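# A structural walkthrough
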Amino acid sequence: MAKQVLDVQPGKGMTLSQSNEHLRVAFRGAYLAKLSGNFDPTREHLNFEIAKGGIVTPLDKATSIPKRIKESLRRRKIKDPNAGLPDGRYRTVANVIIGGSRDQMHRLAFGEQKVNLEKGSNNSNIVRTPEIEKWALDMYKFMSDKYGEDNIAAFIVHLDETNPHIHCTLLPVVDNKLSWRKFWVGDVNNKDVYRKVMLQLHDELSKVNEKYGLERGEDITRTGAKHRTTAEFRAEMSKKMKAELVEMAGQISRWREEIDNLTKESVMLASDISKKKEQKTQLERDIIHSTARVKGLNTMIENLLKRQEELKQELSKLQQDIASGKITKEEFAQKSALLQREILKGEEKIADKLEKLKVAQEKLDNLQQEIEKKEQTLGNVKSQLKTERADLNKSTFLKGQALLYSSSSFNVQNRLQEYSRNLASLSPEQRSFVERVNSPLFSENSAIMEMADDGTQVAQIATNLFLGYLDNATAISKNGGGGGGPTGGWGKRDDEDEYAFWNRCFSMARKMRRSGPGRRR
């Protein structure tokens, strides 16, 4: 029996790029993913979503998922804890994927129709079966009954990928608040409890999936299986699939554009760092001023408390003097009244200074917290700039090297044509002499002839070897009369940097071009 698939991943909100990918809005992340072969454009029209009330409807591309989430929270007067934060801190979205084994999901979605999964295939004749809609509606009812229909922000069914599946965007709302922990495990804060909740969720879903030929899968804690992210899956597939042969001119154009973009990003990051440094300097000045303010208020309070103690001692001495008969009652009343008034004024001043000290201390604490955030942000931007510049340097070097090789080949070809024209203008004796002198330069395996004949193809083969597209590199070589590709685990060695590997790719590319049995000049 086929296995069901259920995966729950937390998210700190939903980005527009993620929403575009779910809704197949063809730009940015979704558009790039489509170009990479993750989607089949000829089956995109089969996708659908389940709207409120359990209604099957086409994808609502006009209303993004972030907008749906915002509207749901606004309508229910629920505050988003990540609102206003530069980077989300709280888990406010559960990204739930529901599906099953590929063969069974294809039977549910397409019946006996045969879907061609090869990249570039035309599956526009495929139609969606009612069975997949029934399954999706049962999954929607299950999630609605268990977690509340109001908490489902989006329920989208994809039939244009290799394996049909559901993306359910779930809001973890409890007691009219977003709380990931309380939503799943209540007031308990224990990973074992969360795991038990997830195991129970798999069990409950499998009961609904039984009638669709899907059973509960094995517990991964016993099987040792590891979940692969979409990025990991794509990376693995990219190594196995053939890359399309791209003309060198197109590659060079994209490389130049990429280098320009990296350069612009580096300039923007450098400017951002400069602004943040200015903001940090201003904060440091404010902190110095606030620190001095707090210190001054503390000193004033200490002096006032000291004066209060002196006044109380004077009042105590007056009480001793009247008790011993040194002063009269009239003198005691007059002097003690003055002292008590001064003590009362002192207490008022101390209370005023304490209140001002509280305000000043709060301001200082806020400034110190703010500068800590600025320092952290500045560190992150500096790290990003370092990475961007490293990428720029590597990209410029590697791609410039391929560009130089291809351009040199073109230049050599032009020079050889000019050489042939000049040679043809000589007398037979002169031509024979020149050809004899220059014969080492134009031998079968000379660098000049290799550059003239194979420069562009060598650059293409080397690029594909560097990217790991071995089948494509072999095809380019064989189509040009060269030999087969490398075998036995070709790739970057552990003790090899990017530049050394790039040069080794060029050496292998030249070797592949020379090794063909049918080479003809």
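The paragraphs below set out a description of the structure included in this document. (Residues numbered from 1 in each chain as written. Predicted model: local features only at pLDDT ≥ 70, side-chain atom pairs only at ≥ 80, totals over all residues. Heavy atoms only, no water.)

This paragraph deals with the overall build of the protein. The helix and strand inventory of the protein stands at 15 helices and 9 strands. Taken as a whole, the protein presents about 31,600 Å² of accessible surface, with 51% of it coming from carbon and sulfur. (Helix = DSSP H or I, 4+ residues; strand = E, 2+ residues; numbered from the N terminus. Areas by Shrake-Rupley, 256 points an atom, 1.4 Å probe, with all protein chains shown as cover.)

With that settled, the discussion passes to helix α5 (residues 130-147). Along an α-helix, a turn takes 3.6 residues, which lines up residues three or four apart on a common side. Helix length check: α5 (18 residues) gives 26 Å between terminal C-alpha atoms against 26 Å at 1.5 Å per residue, within 8%. Among all positions in α5, only I132, W135, A136, D138, M139, Y140, F142, M143, S144 and Y147 are buried. Of the residues flanking the end of α5, it is G148, one or two places downstream, whose phi is positive at about 95°. (Expected span 1.5 Å × (residues − 1). Buried < 20%, exposed > 50% of the residue type's maximum accessible area, 1.4 Å probe, protein only.)

Turning our attention to the packing of α5 against helix α7 (residues 191-209). How two helices sit against one another is set out by the angle between their axes and by the gap between those axes. The N-to-C vectors of α5 and α7 enclose an angle of 145°; their axes lie 10 Å apart at closest approach. Judged by the twist between their axes, the crossing of α5 over α7 is right-handed. Facing α5, whose interface residues are W135, D138, M139, F142, K146 and Y147, α7 presents L201, E204, L205, V208 and N209. Residues that form the contact of α5 with α7 fall into these classes: 7 nonpolar, 1 polar and 3 charged. (Axes fitted to C-alpha atoms, helices over the stretch in contact; angles between N-to-C directions. Left-handed = near helix turned anticlockwise from the far one by under 90°. Contact = heavy atoms within 4.5 Å. Nonpolar A, V, L, I, M, F, W, Y, C, P; charged D, E, K, R; others polar.)

Backbone geometry places K77, a non-glycine residue, at a positive phi of 55°. For K77, a relative accessible area of 75% puts it in the exposed group. Positive phi, normally seen in glycine, also occurs at D175, with a value near 50°. Relative to the helices and strands, D175 is located in the loop between β7 (173-174) and β8 (177-178).

Time to look at the side chain of S121. By the secondary structure assignment, S121 is in the loop between α4 (102-110) and α5. A relative accessible area of 14% means that S121 is categorised as buried. Engagement of the side chain of S121 in a polar contact is seen with the side chain of N116, the distance being 3.2 Å. Looking at S121, its side chain comes within polar contact range of the main-chain oxygen of E118, at 2.7 Å. Discounting chain neighbours no more than four positions away, the residues touching S121 are D40, T42 and N116. (Polar contact = N/O pair within 3.5 Å; in protein donor to acceptor, adjacent residues only side chain to side chain.)

Extensive coverage of strand β5 (residues 152-158) is indicated by the burial of 7 of its 7 residues. Pairing between strand β2 (residues 48-51) and β5: 2 bridges, direction antiparallel. Of the residues in β5, the one forming a bridge with E49 is I156. As defined by bridge partners, β5 adjoins strand β6 (residues 165-170) across 6 bridges and the pair is classed as antiparallel. Across the sheet, the residue bridging to H158 is H165, located in β6. In textbook terms, the turn of a hairpin is the stretch between consecutive antiparallel strands, and for β5 and β6 this stretch comprises 6 residues. (Pairing = 2+ DSSP bridges.)

So, on to the nonpolar core. W135, M143, L170 and W184 are the most contacted members of the largest nonpolar core, which has 39 residues in total. At 8 residues, α5 tops the list of elements feeding residues into this core. Residue contacts for W184: discarding those within four places in its chain leaves V8, A94, Y147, L170, Y194, V197 and M198. (Core = buried A, V, L, I, M, F, W, Y, C linked by side-chain atoms within 4.5 Å.)

At their nearest, the axes of helix α1 (residues 16-23) and helix α3 (residues 65-75) sit 8 Å apart, and the two run at 110° to each other. In terms of orientation, α1 lies roughly perpendicular with respect to α3. Contacts between α1 and α3 involve L16, S19, H22 and L23 on the former and, on the latter, I65, P66 and R68. Here the contact of α1 with α3 is built from residues that sort into 4 nonpolar, 2 polar and 1 charged. (Parallel < 35°, antiparallel > 145°, perpendicular 65-115°, else oblique.)

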